[in-house]
Amino acid sequence: MGRRRSNRWVPPQPFSLRESARGADVRELVQPMLVYAWFQLPDRLIRRDDAVARSMTRDAVWVEAGRGETKLTAWVWRSSVRHQQ
């Protein structure tokens, strides 16, 4: 569930993959890619969002969606990310 902070609703942070799952060989993307990413939130909601991919490993992608206090950031499985076209 989200929480209130400074009289604003702040969404829960999504689950993020641990380094042992995603791999240690992280590659920064030269140009951030616009993608659709699926996030799993603690209240068991799975949500698709417009996002930006910034880094990747062989199996996972670091994605950011939203901005400010409502920004979602997480390492997600590569199969849960699709290019925007």
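These remarks concern the structure in this document. Small disclaimer: the values here were computed from a predicted structure and weren't measured. (Residues numbered from 1 in each chain as written. Predicted model: local features only at pLDDT ≥ 70, side-chain atom pairs only at ≥ 80, totals over all residues. Heavy atoms only, no water.)

Here we come to the pattern of salt bridges. Tallied over the entire structure, the rule returns four salt bridges. The salt bridge involving R54 is made with E64; its shortest N-O contact spans 2.8 Å. Of the two residues, R54 sits in strand 4 (residues 46-56) while E64 sits in strand 5 (residues 60-65), which places them 10 residues apart along the sequence. A salt bridge links D59 to R58; the shortest N-O distance between them is 3.6 Å. When its relative accessible area of 32% is taken as the criterion, D59 is described as partly exposed. Through salt bridges with shared partners, a single network forms among R54, E64 and K71. (Salt bridge = Lys/Arg side-chain N within 4 Å of Asp/Glu carboxyl O. Helix = DSSP H or I, 4+ residues; strand = E, 2+ residues; numbered from the N terminus. Buried < 20%, exposed > 50% of the residue type's maximum accessible area, 1.4 Å probe, protein only.)

Grouped together as the largest cluster of nonpolar side chains are 15 residues, with contacts concentrated most on F39, V63 and V81. For this core, the elements supplying multiple residues, two or more each, are strand 3 (27-40), strand 4, strand 5 and strand 6 (72-77). Ignoring any residue separated from it by four or fewer positions in sequence, one finds V81 in contact with V35, Y36, A37, V61, V63 and V76. (Core = buried A, V, L, I, M, F, W, Y, C linked by side-chain atoms within 4.5 Å. Contact = heavy atoms within 4.5 Å.)

What the five strands build is an open sheet, ordered 6-5-4-3-7; its pairing is antiparallel. Edge positions in the open sheet fall to strand 6 and strand 7 (81-83), since each of these has one partner strand only. The average undirected angle you get between the axes of adjacent strands in this sheet is 40°. One ladder, built from four bridges, connects strand 4 with strand 5; its direction is antiparallel. When the sheet's bridge partners are listed, A53 is paired in strand 5 with V63. (Pairing = 2+ DSSP bridges. Axes fitted to C-alpha atoms, helices over the stretch in contact; angles between N-to-C directions.)

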